Amino acid sequence: MKNKKIIKKSLIFFKDLKFKLLILLLLQILIGIVSFTTPIFEARLIEAITTFKLFKTILVLAVIYLSLELLYLFLSKTSVVYYLKNIKSKILFSIRKYVIDNIFELETVNFDKNTTGYFEERIIGDTNIIAKTLNSAIQRIVEMITRIGVVIYIFFINWIIGLIFLFIIVITALLKNKVDVKNKENLKIARQNDDTTYSFITETIRGIRDIKLLNFKRYAKKEVMDKLDENNNKYNEFQIYDYKTWNHINYIIIIGTVLIIIIGFKFVSLGLMSLADLMVIYLYRVYVFSFMDLYSVVKDCIRDYTLSFERIFDLCDDKKHQKDKFGNIHIDDFKGKIEFRNVTFGYSKKEVIKDLNLIIKPKETIALVGSSGSGKTTLLNLITKSYDIDSGELLLDNKNINDLDEKTIRENISIITQNPYIFNMSIEDNLKLVKPSATKKEIEEVCKIAKFYDYVMSLPDKFNTIIGEGGINLSGGQRQRLAIARTLLKGAKILLFDEATSALDNITQKEIQESIDNISSDYTIIIVAHRLSTIINCEKIYLLDNGKIIDNGTHQELLKRNKKYKELYNLESKDN
Ligand code: ADP
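Quick caveat, the model's predicted, so the values are computed rather than measured.

**Here we look at the overall build of the protein**
Counting its secondary structure elements, the protein contains 18 helices and ten strands. Over its C-alpha trace the protein gives a radius of gyration of 35 Å, far above what one expects of a compact globule, namely 25 Å for 576 residues. Along the first, second and third principal axes, the C-alpha set of the protein runs to 115 × 50 × 50 Å. Out of the 576 residues in the protein, the part that is buried amounts to 45%. Within the protein, residue pairs in contact and separated by at least 24 positions form 77% of the contacts whose partners lie at least 6 positions apart. If you sum the accessible surface of the protein, you get close to 31,100 Å²; carbon and sulfur atoms cover 59% of it. Here the protein contributes 82 positively and 69 negatively charged side chains, and the mean placements of these two sets differ by 5 Å.

Here it is, written out as structure tokens:
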């Protein structure tokens, strides 16, 4: 996207801030006028003092000069504290909301393809940069306009000196322009590097327990340091390049200043200019030469602003990152029937589910077994619409899943994985997430069915106990019981258990099995089982092999007639 297009697109975030921006602009213009006028009175004051003018004249000039300085401070404070900061925080909030809204709508596949750092950097890093650059750019642009006024004023005092100033500005601007193109590229690479580095660090910290246990602490530390080092070097390269340009610009400025002093004195000695005017010019020189600093800051701001917005718009662009798509059919009285008709699906080119047919009636409990990688989890992912099928038809309650609205799917299907996500809040709040209006009685009831109640009651703070980081650490079994309770509270009709019990000890597994049995007559249940022992009593076991259902029946039937099932069973018996 071209910079102009990005800036135009970004203006949408300023729509509601027009009035505040206008006041800010007016304040900044006033600040500009004050800082433009101050040196004139400063020079006159110095001249009056050095030429022993009347005390009254000196006093008047001193009062004007002091008032201007005070006015400058007052206006600056008002503009920054009451307007700039306020606008900055509002903008920050609205862009972050936009990014987060979009991230929540993305198809699951986006989270497979991108690291967490990729998203984090856009929510936090890029939005911070935009707010910072905005803050800086607004002030600097107005200051630049003041500087242009100053140059025009110098032309009025002495056009030859005016020309020298202009010449220096043009030369330095050209020099800066030349390096800017390269800098933008360098910065883009450095920022991409940030994404991978920070995401790697986050992942490492998250997995620190395993890293210690697996004894590769030293290696992980080195990897983190190497990545940080590489990142630093990228920024260093970019900053050194920038610094070198500035050095050249500074040489030109020093030479220009000397030239202006010599020529200025010549004009004064020839009586073509007053000493006070030369003093004004000398005081203005800082302003005029800082024009380049300002110009460069504004350019950097525009570069950072557009680069960050480009990254944000890229993330939110439907063509690059597809959004979840739902239909608009809503089913009020969802029964829980699932039907796969010649369904084929692959994550990339490789097909994982192949021409699969399967019907699960409402309130039926089935088990899905098969060797690792046969596609069991994938099948559940299709039912939850985490991924869309490639061909065939997937029907829920006889309606194509793609025609159903988000509410029907999300409210009626729940999945309980091996390691359910627990939020860092109280047990009650963790449960209420899925149903904020749930009463204490409802919560207690679902916890009893999920066999979680007695454990909660054994805790000093009972349902108010904080779990997760900084709170109580739940065991795998407790997590799953909480997840089952949460699912029951949600009122879903289809419950999917993804190897939910495989990581648990036998007693816990049995108890969880009991809680599943408790509810099995009310829900459509699919249990993906790693341990066949957990589903031996299931009346319908489907055997998945290489993306296809190759058989179904009871445990005894399959054991008798299916070689693959027997192999699977024997393998497991051997493992145990
Ligand atoms: P199972 O649950 O039977 O062990 P899965 O459904 O998890 O099998 O995986 C089936 C195949 O799909 C495997 O080859 C696996 O590597 C691949 N796969 C699973 N998830 C993804 C994913 N998110 N992206 C790409 N390939 C995947």
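Still more to cover.
**Side note on the domain arrangement of the protein**
Partitioning the protein into structural domains gives domain 1 (11-198 + 225-315) and domain 2 (338-575). For domain 1 and domain 2, the distance between their C-alpha centres works out to 58 Å.

**A look at the pattern of salt bridges**
Summed over the entire model, instances satisfying the criterion amount to 21 salt bridges. Linking Asp 277 and Arg 44 is a salt bridge whose minimum nitrogen-to-oxygen distance equals 3.5 Å. Of this pair, Asp 277 sits in helix α9 (residues 275-316) while Arg 44 sits in helix α2 (residues 18-50), and the two are 233 residues apart along the sequence. The residue Glu 364 makes a salt bridge to Lys 540 at a minimum N-O spacing of 3.6 Å.

**Considering a positive patch on the surface**
Positive charge collects at one region of the surface, where Arg 209, Lys 212, Lys 217, Arg 218 and Lys 221 lie side by side. For the positive patch, the secondary structure elements donating two or more residues are α7 (208-213) and α8 (217-269). If you tally residues by element for the positive patch, the top one is α8, at three residues. Position of Arg 209 among the secondary structure elements: in helix α7.

**Quick notes on the packing of α2 against helix α3 (residues 55-105)**
With their axes 8 Å apart at the nearest point, α2 and α3 run at an angle of 160° to one another. Considering the angle they form, α2 stands roughly antiparallel to α3. For α2 against α3, the interelement crossing comes out left-handed.

**Some points on the nonpolar core**
The biggest cluster of nonpolar side chains holds 40 residues, and the ones touching the most others in it are Val 369, Ile 427 and Ile 535. If you tally residues by element for this core, the top one is helix α15 (residues 476-490), at six residues. In contact with Ile 535, other than residues within four places in its own chain, are Ala 367, Val 369, Ile 527, Ala 529, Ile 541 and Tyr 565. Trp 246, Phe 289, Tyr 295 and Val 298 belong to the second-largest nonpolar core, a separate cluster that totals 32 residues.

**Looking at the sheet that holds strand β4 (residues 391-396)**
A sheet is described by the order of its strands in space; here four strands give the open sequence β2-β1-β4-β5, paired in antiparallel fashion. The sheet terminates laterally at β2 (353-360) and β5 (399-400), the two strands that pair on one side only. Pairing analysis gives five bridges linking strand β1 (residues 338-345) to β4, with the strands arranged antiparallel. Bridge pairing in β4 places Ile 338 opposite Leu 396. Set on the sheet, helix α10 (residues 376-383) makes contact with β1, β2 and β4; between it and β1 the angle comes to about 115°.

**Thoughts on the site of the ligand**
Gly 373, Gly 375, Lys 376, Thr 377 and Thr 378 are the nearest of the 13 residues found near the ligand. Residue Asp 112 places a side-chain N or O atom 3.1 Å away from a nitrogen atom belonging to the ligand. Separating an oxygen atom of the ligand from a backbone N or O atom of Lys 376 is a distance of 2.9 Å. If the ligand stood free it would expose 560 Å²; the protein chains cover 63% of that surface.

**What to know about the packing of helix α5 (residues 116-157) against α9**
Packing of α5 against α9 brings their axes to within 6 Å, and their N-to-C directions diverge by 155°. In this view, α5 runs roughly antiparallel relative to α9, as classed from their interaxial angle. The two elements α5 and α9 cross, and the hand of that crossing is left-handed. Split into classes, the residues belonging to the contact of α5 with α9 amount to 29 nonpolar, five polar and nine charged.

**Quick notes on the environment of Lys 113**
Here Lys 113 shows up in helix α4 (residues 109-113). On the basis of relative accessible area, Lys 113 is assigned to the exposed category, the value being 68%. Along the backbone, Lys 113 and Asn 357 are 244 residues apart, and their C-alpha atoms lie at a distance of 29 Å.

**A few points about α3**
Counted at 1.5 Å a residue, the expected span for α3 with its 51 residues is 75 Å, and the 73 Å between its end C-alpha atoms agrees. Within α3, the axis deviates most sharply at Val 80, by approximately 35°.

**Remarks on the sheet that holds strand β10 (residues 548-553)**
Across the sheet, which stays open at both edges, the six strands sit in the order β6-β7-β8-β3-β9-β10 with mixed pairing between neighbours. Looking at the sheet topology across the chains shown, the edges are occupied by β6 (413-416) and β10. Between one strand and the next, the sheet's axes are offset by a mean angle of 20°, whatever the strand orientation. As defined by bridge partners, strand β3 (residues 365-369) adjoins strand β8 (residues 524-528) across four bridges and the pair is classed as parallel. Counted as the bridge partner of Ala 367 is Ile 527 from β8. Contacting β3, β6, β7 (494-498), β8 and β9 (540-545), α10 crosses the sheet at an angle of about 155° to β7. Seen against the sheet, α15 touches β6 and β7 and runs at an angle of roughly 175° to β6.

**Digging into the pairing of β3**
The buried fraction of β3 is high, at four of five residues. Inspection of the sheet shows β3 paired to β9 by four bridges, in the parallel sense. Its bridge partner lying in β9, Ile 366 is registered against Lys 540.

**Considering the packing of aromatic side chains**
Going through the model one piece at a time under the given rule, you end up with 16 aromatic pairs. With 4.9 Å between their ring centres and 35° between their planes, Phe 111 and Phe 119 make a pair best called tilted. On the numbers, 5.1 Å between centres and 90° between planes, the contact of Tyr 347 with Tyr 387 is edge-to-face. With a gap of 40 residues between them, Tyr 347 in the loop between β1 and β2 and Tyr 387 in the loop between α10 and β4 connect regions that are remote in the sequence. The ring of Tyr 282 has Arg 285 sitting right over it, with the charged end atom 4.2 Å from the ring centre.

Calculation rules
Residues numbered from 1 in each chain as written. Predicted model: local features only at pLDDT ≥ 70, side-chain atom pairs only at ≥ 80, totals over all residues. Heavy atoms only, no water. Helix = DSSP H or I, 4+ residues; strand = E, 2+ residues; numbered from the N terminus. Rg over C-alpha atoms; globule rule 2.2 N^0.38 Å. Buried < 20%, exposed > 50% of the residue type's maximum accessible area, 1.4 Å probe, protein only. Contact = heavy atoms within 4.5 Å. Areas by Shrake-Rupley, 256 points an atom, 1.4 Å probe, with all protein chains shown as cover. Lys, Arg positive; Asp, Glu negative; His and termini not counted. Charge placed at Lys NZ, Arg CZ, Asp CG, Glu CD. Domains from an automatic or database assignment. Salt bridge = Lys/Arg side-chain N within 4 Å of Asp/Glu carboxyl O. Patch = residues over 30% accessible without salt bridge, like charges linked within 9 Å, V, L, I, M, F, W, Y side chains within 5 Å. Axes fitted to C-alpha atoms, helices over the stretch in contact; angles between N-to-C directions. Parallel < 35°, antiparallel > 145°, perpendicular 65-115°, else oblique. Left-handed = near helix turned anticlockwise from the far one by under 90°. Core = buried A, V, L, I, M, F, W, Y, C linked by side-chain atoms within 4.5 Å. Pairing = 2+ DSSP bridges. Near = heavy atom within 4 Å. Polar contact = N/O pair within 3.5 Å; in protein donor to acceptor, adjacent residues only side chain to side chain. Nonpolar A, V, L, I, M, F, W, Y, C, P; charged D, E, K, R; others polar. Expected span 1.5 Å × (residues − 1). Bend = angle between axes of the 7 residues up to and from the residue. Phe/Tyr/Trp six-rings, centres within 6.5 Å; stacked < 30°, edge-to-face > 60°. Lys NZ or Arg CZ within 6 Å of the ring centre and 35° of its normal.

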